[in-house]
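So you can see what is in the structure, the chains are spelled out below.
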Amino acid sequence: MNRFSPHVATESGDALLLDVTGSERLFGGFETIARVVLDGVTKLGFTCRVAIAPTPGAAWAIASFGTASPVVIDEGELVGALSPLPVSALRISDDLAGAFRSLGVDTVKQLTALPRNDLPARFGKEILIRLDQAFGQVFEPLIAVRSRNRITAALEFEHPLESLEIAWEAFRQLIADVRQELMTRGRGVKRLMGEFVPEHSAPIRKEIHCAEPSVDASALLNMLRCAGESITSSAGFIRLSLTVLASETLTTEQLNLLDRRRQAERQEFSHLVERLRLRLGTGAVARPHLNRSYLPEKAFGLAGVLPGAFGSTSAAVSEIPLKSRPLHLFAEPTEVRCILSPSSQAEGLPASFVYQEKRFDMVWIRGPERIAGVWWEGRNKTRDYFDGEDASGRRFWLFRVVETRKWYLHGIFDC
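Structure report, in brief. (Residues numbered from 1 in each chain as written. Predicted model: local features only at pLDDT ≥ 70, side-chain atom pairs only at ≥ 80, totals over all residues. Heavy atoms only, no water.)

1. Considering the sheet that holds strand β15 (residues 395-401)
Ordered in space as β11-β12-β13-β14-β15-β16, the 6 strands form a closed barrel in which the pairing is antiparallel. Across this sheet, the average inter-strand angle for adjacent strands is 45°, counted without regard to direction. Both strand β12 (residues 349-355) and strand β13 (residues 358-371) contribute to a ladder of 4 bridges, which runs antiparallel. Across the sheet, Ser352 pairs through a bridge with Asp361, a residue of β13. (Pairing = 2+ DSSP bridges. Helix = DSSP H or I, 4+ residues; strand = E, 2+ residues; numbered from the N terminus. Axes fitted to C-alpha atoms, helices over the stretch in contact; angles between N-to-C directions.)

Next comes the structure, spelled out in structure tokens:
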């Protein structure tokens, strides 16, 4: 919205108010501004209504409760445009609007017909202030939202830099400039992009991701150097730049003396994650987390390493007791042929099974551990799990589907 006015304010959490006085000369009229605003917001995927009126209160009322969009109202049309609107269009509280409705005062026209001097004694000063703001009797200033431009820093050179070491020294200065602006805003880097511009070829861009918001200049430079190890350019670079793609508010922690070691471990863990991401790729580093599910293959998942993940636990699953589980759990259970003991009973214990064309004879077996299916997800089969060991000491985790009598191998304890 700063395209149309330097004064952009928010209203009621879902509206923007712009002072476009004078902007009509640049855009060819208020009608053009209203149409361009509507088209632009629609292209962003939002639904909106646009109104231009002599006062902020009137513009909000017509956009919120009017029947057309976009619409432009001049001073001569103001009374006629506001009169049929509900009293809520004056931006009064819900309780006050309800009080008027209980008296049969539903529209702004009915409200303005009441004796003005009697309104404050019964309904407070708010109603007169909102009326005067809507009709332009009282000036209503807009408190503009401060627009934050993207944090960037760049250096251009008359002659190409042929040495990467000199380039890194230039980036040290750029990081210092970026850090100063970040500290002013109280924010830390989450994603930072460095751009190397050769003299006669396309720019080379390298992006780094921080596990936690950071303003550590040395750490940022080291990460950027690590990301740029593969950069080569025989022609040299005529421009270097840094752009903060994402940042977050910095939080200050007051630590006890005994917490300093934990903080150092957390910082080292964050640096490890950042280095691994640079070497292996952004999505290559993940951590396991527990889910609230009894089904073994759904009892855990993988997520990105988040700030504060070091040493964290999942309290949400503490209600589910975790029993003995294999270290190697298959992503999908594998069906196996199983011989039971006694063989005459369909619910006998597994004596042996064939897996990958090899036979494994059980010397002891423990179970069953019954796990019911998740019927609301279409998994309504019940499983009986068995923990078995063969003569060589290998332990297997098998289960029988109660409804089908089929056997599956789901995991290996020692792989």
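2. Re the layout of surface pockets
Its volume calculated, the largest pocket comes out at about 1,100 Å³. Taken together, 38 residues form the lining of the largest pocket, with Leu16, Leu17, Leu18, Ala51 and Ala59 sitting closest to its centre. Going through the elements one at a time, β2 (15-18), α2 (30-43), β3 (51-52) and α3 (56-65) are the ones with two or more residues in the lining of the largest pocket. (1 Å grid on protein atoms, 1.4 Å probe; cavity = no way out; pocket = protein on both sides within 12 Å on 5 of 7 lines; lining within 4 Å. Points joined across faces, edges and corners; volume = space filled by probe spheres on them.)

3. A word on the sheet that holds strand β5 (residues 152-161)
The strand order across the open sheet formed by 4 strands is β5-β8-β6-β7, and the pairing between neighbours is antiparallel. Where the open sheet ends on each side, the last strands, each with one partner, are β5 and β7 (204-214). Taken over all neighbouring pairs, the strand axes of this sheet differ in orientation by 15° on average, direction set aside. Judged from the 7 bridges that link them, strand β6 (residues 187-198) and β7 form a sheet pairing that is antiparallel. The partner of Arg191 across the bridge, within β7, is His209. Strands in contact with helix α9 (residues 164-185) are β5, β6 and β8 (237-249); relative to β8, the strand with the most contacts, it is inclined by about 30°. Each of β6, β7 and β8 touches helix α10 (residues 217-227); the most contacted strand, β7, lies at about 145° to it. (Contact = heavy atoms within 4.5 Å.)

4. Things to note about the packing of aromatic side chains
Scanning the model with the defined rule gives 15 aromatic pairs in all. Both rings, one in Phe399 and one in Tyr408, keep their centres 5.2 Å apart while their planes meet at 15°; by these two values the pair is stacked. Residue Phe399 is classed as buried on the basis of its relative accessible area of 3%. When its relative accessible area of 18% is taken as the criterion, Tyr408 is described as buried. By the ring-pair criterion, three or more aromatic residues cluster together here, those being Trp168, Phe171, Phe196 and Phe237. The ring of Phe399 carries Arg383 above its face, with NZ or CZ at 4.7 Å from the centroid. Looking at Arg395, its charged tip hangs above the ring of Phe413, at a distance of 3.9 Å from the centre. (Phe/Tyr/Trp six-rings, centres within 6.5 Å; stacked < 30°, edge-to-face > 60°. Buried < 20%, exposed > 50% of the residue type's maximum accessible area, 1.4 Å probe, protein only. Lys NZ or Arg CZ within 6 Å of the ring centre and 35° of its normal.)

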